[in-house]
Amino acid sequence: MYDVIVIGAGPAGGSAALFTSKAGKKTLVIDSNQSVTKRAWLDNHYGVDGISGPDLIEVGKKQAGKFGAEFVEDVVTDIRSENGKHTVVTESGKTFETAHVILATGMSVQLAEKIGLKIVPGTEPRIKSIIEVDQQGKTNIAGIWAAGTVAGVSMHTIITAGDGAKVAINLISELNGARYVDHDVLKA
Ligand SMILES: Cc1cc2nc3c(=O)[nH]c(=O)nc-3n(C[C@H](O)[C@H](O)[C@H](O)COP(=O)(O)OP(=O)(O)OC[C@H]3O[C@@H](n4cnc5c(N)ncnc54)[C@H](O)[C@@H]3O)c2cc1C
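The residue numbering used here restarts from 1 in each chain and proceeds along that chain's sequence as written. Thresholds applied to this predicted model are a pLDDT of at least 70 for local features of residues and 80 or more for the giving and counting of side-chain atom pairs; totals over whole chains, interfaces and linings are not thresholded and use all residues. As a rule here, side-chain values cover all heavy atoms of the structure and leave hydrogens and water aside.

A. Region of the structure containing the overall build of the protein chain. Along the backbone of the protein chain there are four helices and 11 strands. Taking 188 residues into account, the globule formula puts the C-alpha radius of gyration at 16 Å, and the protein chain, at 15 Å, falls close to it. If you line up the protein chain on its principal axes, its C-alpha atoms span 50 × 40 × 35 Å. Per-residue accessibility, obtained with a 1.4 Å probe over protein chains only, is compared with the maximum for each type, and a residue is labelled buried under 20%, exposed over 50%, and partly exposed between these values. Relative to its full complement of 188 residues, the protein chain shows a buried share of 47%. Each helix is a run of H or I in the DSSP string that is no shorter than four residues. Each strand is a run of E no shorter than two, and both are numbered from the N terminus. Radius of gyration: over C-alpha atoms. The globule rule applied is 2.2 Å multiplied by the number of residues raised to the 0.38 power.

Here's what the structure looks like:
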């Protein structure tokens, strides 16, 4: 049983998994490898002086993997929620159990619609529909959260990665029962 399953390994999902795994939460990332970020060249990602979208995604996966996040390449086709537990079902017939799910599926609301999440019109350019979330990143199904483009934030890597981190910190804080901070100190 995982603490968190993140669906999507783009900037939003990768960043969320980095924070949850680094906080010691048992984290699985399921991704179908269709990120639009793979077509991007990034000159406006603060702190990184020019990087390709594919490299940004790979570095993010490596960072989260370093802290124990597991990665599976597959398509999630359904999530069955019952008694605070979620069973995530994939196209290849696998099932995984978890206490929390973070949807970071980019421009796709297909899975969200399938499982009954509240969908509203998008407000960003070229984004037709998004998942309705509260300020924490919570959806209308308890234990299911959403982050990044699919949650309606501006479609820029620094913002979607930031939103993934924000939602992860809110989830970790809920699991820990206290506000969570993840600071490392530069060694003297
Ligand atoms: C051509 C182009 C150029 C761009 N240039 C820039 C730029 O210069 N600067 C900038 O800041 N941003 C740029 N962007 C935007 C940026 O790349 C992303 O849009 C943004 O960061 C999206 O991040 P995300 O994590 O929300 O979604 P994505 O990166 O799209 O990731 C979503 C992931 O979810 C997976 N997924 C979806 N549904 C499922 C499912 N059911 N099961 C399993 N996995 C699933 C997908 O395969 C994908 O990997 C550009 C985008 C494009 C298309």
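B. Quick look at the site of the ligand. We call a residue near a given molecule or strand whenever any one of its heavy atoms falls within 4 Å of it. Around the ligand, the surrounding shell holds 30 residues, and the nearest of these are Asp 31, Ser 32, Gln 34, Ser 35 and Thr 37. N or O atoms closer than or at 3.5 Å make up a polar contact, with two conditions inside protein: a donor-capable atom paired with an acceptor-capable one, and, for residues adjacent in sequence, both atoms drawn from side chains. The separation between an oxygen atom of the ligand and a polar main-chain atom of Val 36 is 3.5 Å. Between a nitrogen atom of the ligand and a main-chain N or O atom of Val 76, the distance comes to 2.9 Å. The method behind every accessible area is Shrake-Rupley, applied with a 1.4 Å probe, and residues are considered shielded solely by the protein chains displayed. In isolation the ligand offers 1,000 Å² of accessible surface; the protein chains occlude 86% of this area. Looking at the shell around the ligand, the elements with two or more residues in it are α1 (11–22), β2 (27–31), β3 (41–42) and α4 (157–176). The residue makeup of the shell around the ligand, split by class, is 12 nonpolar, 15 polar and three charged. Each residue gets one label: Ala, Val, Leu, Ile, Met, Phe, Trp, Tyr, Cys and Pro are nonpolar, Asp, Glu, Lys and Arg are charged, and the others, such as Gly, are polar.

C. Main features of the nonpolar core. Among the nonpolar cores identified, the biggest contains 22 residues, and Ile 5, Ile 7, Ile 79, Leu 103, Leu 117 and Ile 144 are the most heavily contacted of them. Elements with a contribution of two residues or more to this core: β1 (2–7), β2, β6 (76–82), β8 (95–103), α3 (110–114) and β11 (144–146). Setting aside anything within four residues of it in sequence, one finds Ile 7 in contact with Ile 30, Val 76, Ile 79, Val 101, Ile 102, Leu 103, Ala 104, Thr 105 and Leu 111. In terms of nonpolar packing, the next biggest core, distinct from the first, is built from 15 residues, Ala 9, Ala 16, Ala 147 and Ala 168 among them. By nonpolar core we mean a set of buried residues, namely Ala, Val, Leu, Ile, Met, Phe, Trp, Tyr and Cys, connected to one another through side-chain atoms within 4.5 Å. Note on definitions: a residue-residue contact is assigned when non-hydrogen atoms from the two residues lie within 4.5 Å.

D. Geometry of the pairing of β1. Burial of β1 is extensive: five of the six residues sit out of reach of the surface. Pairing between strands requires that DSSP locate at least two bridges from one strand to the other. One ladder, built from five bridges, connects β1 with β8; its direction is parallel. Counterpart to Tyr 2 in the pairing with β8 is Thr 98. With four bridges joining them, β1 and β2 adopt parallel strand pairing. Bridge assignment links Ile 5 to a residue of β2, and that residue is Leu 28.

E. Region of interest: unusual backbone geometry. The phi dihedral of Asn 83 falls on the positive side, at around 50°, and the residue is not glycine. Position of Asn 83 among the secondary structure elements: in the loop between β6 and β7 (85–90).

F. Summary view of the pattern of salt bridges. Between Lys or Arg on one side and Asp or Glu on the other, a salt bridge is scored when a side-chain nitrogen of the former is within 4 Å of a carboxyl oxygen of the latter. Under the defined criterion, the tally for this structure stands at 10 salt bridges. Residue Asp 182 is joined to Lys 22 by a salt bridge in which the shortest nitrogen-to-oxygen separation is 2.6 Å. Here Asp 182, found in the segment after α4, pairs with Lys 22, found in helix α1; they are 160 residues apart in sequence, far enough to count as distant. On the basis of relative accessibility, which here comes to 21%, the residue Asp 182 falls in the partly exposed class. Among the salt bridges present, the one from Glu 132 reaches Lys 118, with a minimum N-O distance of 3.5 Å. Of this pair, Glu 132 sits in the loop between β10 (129–131) and β11 while Lys 118 is found in the loop between α3 and β9 (119–121), placing the two residues 14 residues apart along the sequence. One continuous salt-bridge network, built from bridges that share partners, spans Lys 22, Asp 182 and Asp 184.

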